[in-house]
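A closer look at the structure
The residues making up each chain are set out below.
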Amino acid sequence: MKQIIFFAIACLDLLGLSAWGQREVSNFDRDWRFARFGLQADGARLPEPDSLEAYGTDDTGWRKLDVPHDWAIEGPFRIDLEGFTGKLPWKGIGWYRKHFTVSVKDKKKRFYLDFDGAMANAEVWLNGQKVGGRPFGYSSFRVDLTPYVRFGEDNVVAVRLNTEKFGARWYPGAGIYRHVRLVKTEPVHVAHWGVFVTTPEITDDYAMASVSVEIDNNRQQAVAGHYTVDIYELDAHDVIGKRVASTSKRPIALNAASTVVDSVSLRVESPKIWDLEHTNRYMACVSVYDKNKLADVYETPFGFRTIQFTHDNGFLLNGKRVPINGTCNHHDLGALGAAVNRVALERQLRILKSFGCNALRTSHNPPAPELLELADKMGLLVMDELFDCWTVGKQENDYSTLFEKWHEKDIEMLVCRDRNHPSVIMWSTGNEVYEQYKPETGVARHLTEVVHRFDTTRPATFGASYPSKSAMNGTELQVDVHGMNYAAGVYGGPDFYGEFLNKKGHEHLSGYSSESSSTMSSRGEYFPRKFHVDSYDLTEPGWGGLPDWEFAALDKYPGICGEFVWTGFDYLGEPTPFNSDASVLLNHSAAMTEEELQKQREELVRIERNRPTSRSSYFGIVDLAGFPKDRYYLYKSRWMPDTPMVHILPHWNFPDRVGEVTPVFVYSSGDVVELFLNGKSLGKKERKPYEYRFRWDSVVYEPGELKAIAYKQGRKWAETFVRTTGQAVALKAVADKKRIKADGEDLVFVTVSLVDREGRAVPTAEPVISCSLTGDGEIVATDNGDPTCLITFSEPTRPAFNGLFLAIVKAKRGGHKPIRLTIESKDLEKAVVDITM
Ligand code: GAL
């Protein structure tokens, strides 16, 4: 124990430089100790001892770990648990404790802990004294440690989380699942999220940046000083470049223990504009002086861009119409659960961008701050969302129980945290809230007003369900821009939009589809097995609508700004249409042989439709593992019309369907497609107005080759084929990069396919695959995109699903021995992936 404390002291002394004037922000993620009480993973209950926050609590036997940590993703999946939260044991009471020291030289400083999010009902103590907390698990929050810091001694932060009293409609995760930082400042410093940069004037020649600065004086005496602001260029790697503007000294006079707000305008010549292709950013650097000593330097990235939501020309970015081709996404990272990881998040956003998605809706909660940073850098628009309900709940213990006391603080948190990001274009206060039917409650208006207390440069909105009512009953006048869920598909087709736009009193209103489609499919399934949905992209729940319906509505009413499809990625939980949880089937075992697995499958087929093993959604355009479904190409054909592309579905491996009708669909950015089966033309089809796919519904299956040639404006545009393959004989592995940083965060994603003797991917092969690794790395998780697979994600063994398998590899922090990942399956030639540091 002594040794551990000594080590902690040594580490923090390294961090704890006591130089005047430099705010220090240190990573506080490492070396926590964790214990779980209340509900356990197996459903048993472990009584929670009293006073675990006490300074002297013996935590030596607790599990050591780093955060971000999601205790629930560790599983196991339990068939008796609810499908809508992913059949994972997320409910429980988690305690985290972390020891650290602070140098006696820092006695006059302030110490804060910043939590990006802790799920849920966080309570935080320092040395046994309560310092704060936050019930809403998605909110970022700060606690002030200063009054209770023990200088030169062991300090203990204790965090208690309770997810048993948290309601969710999807998988929320559990634990300190986002980053934590220790912030050390002088007593006079920029307040938390205390800089707000707006850009009131942007021309080709110059732009004005208005910088509002909030400064705290924690001294018990008045302070006279000044601050300055400098603006620098900022590159894609966050490296500060040329200084482009600066202020002279701005005097400040602060009373004892008070806060002052001041603002200043700066002129930037020939500004580089932020847009989706050129993600130019700047850094506003605020320096605060206490008398004449530099007390704080605070940096805020921002961008110059304008946004407008119009009534009849949609959304304008920098004056140009940009259709919102967006997707809604929950916050989980698939097999990694809710624990945020920048590399995994970046991969998700890269995949979304690869089919033309240009906007994200953070349904239905505040995202990790990394999402906004990545969106700024990668060129994505963000609808930054707060809540899934207001005063009327949807689940026991959901936000309705917190609304009254917390909604203003949570709105302030989100808006002040995120308002400098050029990617953020709207603030969404909610989703499908019951108050939408009762405009007289005025809740929507109130929330719009609260948002505008902190930012008037972006509209407030929310996603309304049943827009045929709520877009017409006056609720739409209580927001700045009206979001409508499933407006095209459910409420009489495209004409509804016309009604909305043409209604008297709506002349100033702008609308968009805040949620669309909800089409369901399992990747690679065409004549689906039990608990799967076919991938012809024709299945939607009663409240949804096919992608094509939304496209038609948007084409008919270009005044509408665009859509956010439900969803970009499959997510944990809400496995519609298999939401029932009555099954008692045992969990799959990772050690299963092919034969045993086959037996399990047969058993699955025998059980009733109301006994599903499904634990993740079918809504994604991309599956949980990040593999594109067919719909990926349907959206790509629309969202990247200038990129030559043609895609055929299904695959052509149906030995049992010889002579049977097997529909063939083609998605293409071309306007005419000709389909060939074994060299024989099945005819040319031309895309008619309001048609978005090319269909050959009565193709009679014969093995061989299907070929599609697409034309655009009379010219050949793209060509593709699918061929019947032989049996799988080998594994083929492709890593998304060959080098990994040994920083404990970087990840390599390895996609494994099964190939036949000629190297062609076999789309139906599902052998059990095992991974093993040598060198300084670990296999963090595996996945296959199968929403019914109940093997814990950390297992290195699982079957492929429709020909694909994913392994996620991490390097040990500080490691240097190259990693070799070996991927094997019985009777198949293995694959090897080498990764260096
Ligand atoms: C919507 C809801 C989403 C999700 C979706 C599934 O009505 O807003 O959160 O549940 O349905 O189709």
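Residues numbered from 1 in each chain as written. Predicted model: local features only at pLDDT ≥ 70, side-chain atom pairs only at ≥ 80, totals over all residues. Heavy atoms only, no water.

**Section: the overall build of the chain**
Scanning the chain from terminus to terminus reveals 11 helices and 45 strands. Taken over C-alpha atoms, the radius of gyration comes to 28 Å for the chain, in line with the 28 Å a tight globule of 837 residues would show. For the chain, the C-alpha atoms occupy an extent of roughly 90 × 65 × 50 Å along the three principal directions. Taking all 837 residues of the chain together, 61% fall into the buried category. Within the chain, residue pairs in contact and separated by at least 24 positions form 73% of the contacts whose partners lie at least 6 positions apart. Counting every atom, the chain has about 32,200 Å² of accessible surface; 50% of that belongs to carbon and sulfur. Averaging the positions of the 101 positive and the 113 negative side-chain charges in the chain gives two centres separated by 3 Å. (Helix = DSSP H or I, 4+ residues; strand = E, 2+ residues; numbered from the N terminus. Rg over C-alpha atoms; globule rule 2.2 N^0.38 Å. Buried < 20%, exposed > 50% of the residue type's maximum accessible area, 1.4 Å probe, protein only. Contact = heavy atoms within 4.5 Å. Areas by Shrake-Rupley, 256 points an atom, 1.4 Å probe, with all protein chains shown as cover. Lys, Arg positive; Asp, Glu negative; His and termini not counted. Charge placed at Lys NZ, Arg CZ, Asp CG, Glu CD.)

**Focus on a nonpolar patch on the surface**
Together, Val392, Tyr434, Tyr437 and Tyr466 make up a nonpolar patch on the protein surface, roughly 370 Å² of accessible area in all. In this structure Tyr466 comes out as partly exposed when scored by relative accessible area, which is 41%. (Patch = residues over 30% accessible without salt bridge, like charges linked within 9 Å, V, L, I, M, F, W, Y side chains within 5 Å. Salt bridge = Lys/Arg side-chain N within 4 Å of Asp/Glu carboxyl O.)

**Observations concerning unusual backbone geometry**
Cis geometry marks the peptide bond from Ser363 to His364; its omega dihedral reads -20°. Checked against the element boundaries, His364 lands in the loop between strand 24 (359-361) and helix 3 (369-378). Between Thr576 and the following residue, Pro577, the backbone shows a cis peptide bond with an omega angle of 10°. Looking at the secondary structure, you find Pro577 in the loop between strand 30 (562-566) and helix 10 (594-606). The phi angle at Glu432 is positive, at roughly 45°, despite the residue not being glycine. Turning to its location among the elements, Glu432 is positioned in the loop between strand 26 (424-431) and helix 5 (443-454). With relative accessibility at 23%, the residue Glu432 sits in the partly exposed group.

**Brief notes about the pairing of strand 6 (residues 110-115)**
Strand 6 sits mainly inside the fold: 6 of its 6 residues count as buried. Of the two faces of strand 6, the one lined by Arg110, Tyr112 and Asp114 and the one lined by Phe111, Leu113 and Phe115 are each fully buried. By the bridge criterion, 6 bridges tie strand 6 to strand 11 (residues 180-185) in an arrangement that is antiparallel. Each residue of the ladder has a partner; that of Phe115, found in strand 11, is Val180. Here strand 6 pairs with strand 9 (residues 141-144) via 4 bridges, running antiparallel. Paired with Phe115 across the two strands is Phe141, which belongs to strand 9. (Pairing = 2+ DSSP bridges.)

**Here we look at the side chain of Asn121**
Examined against the element boundaries, Asn121 turns out to sit in the loop between strand 6 and strand 7 (122-126). Taking relative accessible area as the criterion, Asn121 reaches 17% and is therefore assigned buried. At a separation of 3.0 Å, a polar atom in the side chain of Asn121 contacts the main-chain carbonyl oxygen of Lys165. Setting aside residues up to four positions removed in sequence, Asn121 forms contacts with Arg134, Pro135, Arg160, Leu161, Asn162, Lys165 and Phe166. (Polar contact = N/O pair within 3.5 Å; in protein donor to acceptor, adjacent residues only side chain to side chain.)

**Concerning the site of the ligand**
As a matter of local geometry, the ligand sits amid Arg169, His364, Asn431, Glu432, Asn485, Tyr486, Glu515, Ser518, Trp543, Trp566, Glu574 and Phe619. Glu515 places a polar side-chain atom, nitrogen or oxygen, 2.9 Å from an oxygen atom of the ligand. Against a free-state accessible area of 310 Å², the protein chains account for coverage of 94% of the ligand. Looking at the shell around the ligand, its residues break down into 4 nonpolar, 4 polar and 4 charged. (Near = heavy atom within 4 Å. Nonpolar A, V, L, I, M, F, W, Y, C, P; charged D, E, K, R; others polar.)

**Quick word on the confidence of the model for the chain**
A low pLDDT means the predicted coordinates there should not be read in detail. Residue-level pLDDT values for the chain average 93, and 93% of them are 70 or greater. This model gives residues 1-19 a pLDDT under 50, and the stretch forms 27 contacts once residues within four places in sequence are excluded. (pLDDT = per-residue confidence, 0-100.)

**Some words on the domain arrangement of the chain**
What the domain assignment reports for the chain is domain 1 (2-23 + 187-302), domain 2 (32-65 + 67-185), domain 3 (324-359 + 390-412 + 427-609), domain 4 (640-650 + 654-723) and domain 5 (730-835). With 26 residues of domain 3 in contact, the opposing surface of domain 5 contributes 28 residues. Of the roughly 2,100 Å² buried between domain 3 and domain 5, counting both surfaces, carbon and sulfur atoms make up 60%. Counting the contacts that link domain 3 with domain 5 gives 2 salt bridges. At the junction of domain 3 and domain 5, the tally comes to 8 residue pairs in polar contact (both at pLDDT 80 or more). (Domains from an automatic or database assignment. Buried area = accessible area lost by both parts, 1.4 Å probe.)

**Overview of the sheet that holds strand 31 (residues 646-649)**
What the 3 strands build is an open sheet, ordered 31-32-35; its pairing is antiparallel. Each edge of the open sheet is held by one strand with a lone partner, namely strand 31 and strand 35 (694-696). Taking each pair of neighbouring strands and ignoring which way they run, the sheet shows an average axis angle of 15°. Inspection of the sheet shows strand 32 (residues 664-668) paired to strand 35 by 3 bridges, in the antiparallel sense. By the bridge assignment, Phe665 is partnered in strand 35 with Arg695. (Axes fitted to C-alpha atoms, helices over the stretch in contact; angles between N-to-C directions.)

**A few points about the pairing of strand 23 (residues 324-328)**
Of all 5 residues in strand 23, 5 are buried; the element is thus mostly enclosed. Note that strand 23 and strand 30 share 5 bridges and pair parallel. Bridge pairing links Ile324 to Gly562 in strand 30. Taken together, strand 23, helix 2 (residues 342-354) and strand 24 form a β-α-β motif whose crossover is right-handed. (Right-handed = clockwise from strand over helix to strand, strands pointing away.)

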